[in-house]
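Chains, contacts and geometry: an overview
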Amino acid sequence: LIFFKMSFPFMQLLFNSVVAGSIYALVAIGFSLIFQTNRFMHFAHGSAVVFSAYIAFHFFSLSNSLLIAIIATLILSSILGYLMHLLIYYPLQKKKSSSVILLIASFGILFLIDNGLLLYFGSGIKNINYFGPLRGMEFFGALITKPQLIIVLSSLLCLIFIYLLMTKTKLGRNLRAVADNNDLANIMGIESKKYMALSFIIGSVLASVAGVLIALEQTLSINMGTTYMIKGFTGAIIGGVNSVPASILGSYIVGLAENFGVWFLPSQFKEAISFILLFLFLLYKPNGLFGIDKSSRK
């Protein structure tokens, strides 16, 4: 027992979980917000993450300025989110397409963007070497790198911003009204179509933040968008896809399960842990830990 306590790096695993959960939370918030306002699964949200990461890499390579890269990524990612809604989803919604058709369309967008990035950037691994050789800083027994610290702090600021936006502003109240009851929101004079498009812009901006943070810490690959979409989707399902705060909590649960799980299991099982959690919740608690079953409302 003494040997186990000495060899078990609790603080390191905990901090790694917080770093991973912070990225997953940014993805899950956007996914949850888009789902609530538009009523379908936008799996192409993962393509916004990988698009943002590669755009950040591209503009940093051109300008050698992280600030320019971040600004360009935020702008282009918000445009991407708006165009996905305007050119693909909105025409389908006008035709009263089913959620299955919209789901298929989201996969089509995901593959289109991923293959477009592959065509332009190639299959080679890319990275933003902004910080140079990384040296860990010790914090309560855990080694923390500068990019990891930036990930946690940036994610925390984004989470606080989203909380204030959704609870303290007219825009947030209108978004929640559209998410709660689209028809009633229209009756009350809230133009739901505008806020449905706005949810794509906000979600894509959050995805762009996640993409930039990923690019600062990790090497980039085309298929990572799908990976982070699965993690964000799992976090949203665990917490409750109908609740943005619950999606955040679910994302950190995914991070904890993955990082503590691979201490006891081979590292190849890390991806499997997310899928196992996803399947368990879809089978036994599809509304998540804190989600709202809107079908039960009278």
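Going by the structure above, here's the rest.
An account of the accompanying structure is given in this report. (Residues numbered from 1 in each chain as written. Predicted model: local features only at pLDDT ≥ 70, side-chain atom pairs only at ≥ 80, totals over all residues. Heavy atoms only, no water.)

**Some points on the overall build of the protein chain**
Regarding its fold elements, the protein chain presents 12 helices and two strands. When its helices and strands are written in sequence order, the protein chain yields α-α-α-α-α-β-β-α-α-α-α-α-α-α. When the backbone C-alpha atoms are referred to their principal axes, the protein chain occupies close to 65 × 50 × 35 Å. Put simply, the protein chain has 298 residues, and 48% of those count as buried. Considering only intrachain contacts with a sequence separation of at least 6, the fraction spanning at least 24 residues in the protein chain is 74%. Only carbon and sulfur atoms are counted for the fraction: they give 70% of the accessible area of the protein chain, which is about 15100 Å². The averaged location of the 9 negative side-chain charges in the protein chain is 7 Å from the averaged location of its 20 positive side-chain charges. (Helix = DSSP H or I, 4+ residues; strand = E, 2+ residues; numbered from the N terminus. Buried < 20%, exposed > 50% of the residue type's maximum accessible area, 1.4 Å probe, protein only. Contact = heavy atoms within 4.5 Å. Areas by Shrake-Rupley, 256 points an atom, 1.4 Å probe, with all protein chains shown as cover. Lys, Arg positive; Asp, Glu negative; His and termini not counted. Charge placed at Lys NZ, Arg CZ, Asp CG, Glu CD.)

**Remarks on the packing of aromatic side chains**
One pair of aromatic rings is described through two measures. These are the centre distance and the angle between the planes. This model, assessed by the stated rule, comprises 15 aromatic pairs. On the basis of an interplanar angle of 35 degrees and a centroid distance of 6.2 Å, the ring pair of Phe-275 and Phe-279 is categorised as tilted. Of this pair, Phe-275 and Phe-279 both sit in helix α12 (residues 270–284), four residues apart, which is roughly one turn of the helix. For Phe-275, a relative accessible area of 33% gives the class partly exposed. (Phe/Tyr/Trp six-rings, centres within 6.5 Å; stacked < 30°, edge-to-face > 60°.)

**Describing a positive patch on the surface**
A cluster of basic side chains, namely Lys-170, Arg-173, Arg-176 and Lys-194, defines a positive patch on the protein surface. Looking at the positive patch, the element that brings in the most residues is helix α7 (residues 170–180), giving three residues. By the secondary structure assignment, Lys-170 is in helix α7. (Patch = residues over 30% accessible without salt bridge, like charges linked within 9 Å, V, L, I, M, F, W, Y side chains within 5 Å. Salt bridge = Lys/Arg side-chain N within 4 Å of Asp/Glu carboxyl O.)

**A word on the nonpolar core**
By size, the foremost hydrophobic cluster in this structure holds 84 residues, and its most contacted members are Ile-23, Tyr-89, Leu-117, Ile-162 and Leu-220. Looking at this core, the element that brings in the most residues is helix α2 (residues 10–38), giving 14 residues. (Core = buried A, V, L, I, M, F, W, Y, C linked by side-chain atoms within 4.5 Å.)

**Some details on α2**
Because each turn of an α-helix spans 3.6 residues, side chains separated by three or four positions end up pointing in the same direction. For α2, built from 29 residues, the straight-helix expectation of 42 Å at 1.5 Å per residue is met to within 8% by its first-to-last C-alpha distance of 40 Å. Burial runs high along α2: 23 of the 29 residues are buried. Looking one or two residues beyond α2, the residue adopting positive phi is Arg-39, at roughly 65 degrees. (Expected span 1.5 Å × (residues − 1).)

**Side note on the environment of Gly-235**
In this fold, Gly-235 is placed in helix α10 (residues 224–239). Each C-alpha atom of the pair Gly-235 and Leu-171 lies 25 Å from the other, and the pair is 64 residues apart in sequence.

**Some points on the pattern of salt bridges**
In this structure the tally under the stated criterion is two salt bridges. Between Lys-231 and Glu-258 there is a salt bridge; the shortest N-O distance is 3.0 Å. Note that Lys-231 is positioned in helix α10 and Glu-258 in helix α11 (residues 244–264), a separation of 27 residues in sequence. Judged on exposure class, the residue Lys-231 and its partner Glu-258 are both buried. Note that Lys-231 and Glu-271 form a salt bridge whose closest N and O atoms lie 3.4 Å from each other. Of this pair, Lys-231 sits in helix α10 while Glu-271 sits in helix α12, and the two are 40 residues apart along the sequence.

**As for the side chain of Gln-148**
The topology assignment puts Gln-148 in helix α6 (residues 146–168). Overall, the relative accessible area of 12% leaves Gln-148 in the buried class. If near-sequence neighbours (up to four positions away) are discounted, Gln-148 is found in contact with Phe-15, Asn-16, Val-19, Leu-143 and Glu-217.

**Observations regarding a nonpolar patch on the surface**
Together, Leu-67, Ile-71, Ile-75, Leu-76, Ile-79, Tyr-82, Leu-83, Leu-86, Leu-87 and Ile-88 make up a nonpolar patch on the protein surface, roughly 840 Å² of accessible area in all. Take Ile-75: it is sitting in helix α4 (residues 66–94).

**Notes on the environment of Gly-21**
Tracing the backbone through its elements, the reader meets Gly-21 in helix α2. Note: C-alpha distance between Gly-21 and Leu-206 (185 residues apart in sequence) is 14 Å. Apart from the residues within four sequence positions on either side, Gly-21 is in contact with Ser-251, Tyr-252 and Gly-255.

**Things to note about unusual backbone geometry**
Backbone geometry at Arg-39 places phi at a positive 65 degrees, although glycine is not the residue there. Mapped onto the elements of the fold, Arg-39 is located in the loop between α2 and α3 (45–63). Notably, Asn-64 is not glycine yet its phi reads approximately 60 degrees, a positive angle.

Bear in mind that shape data such as this cannot, by itself, settle questions of function.
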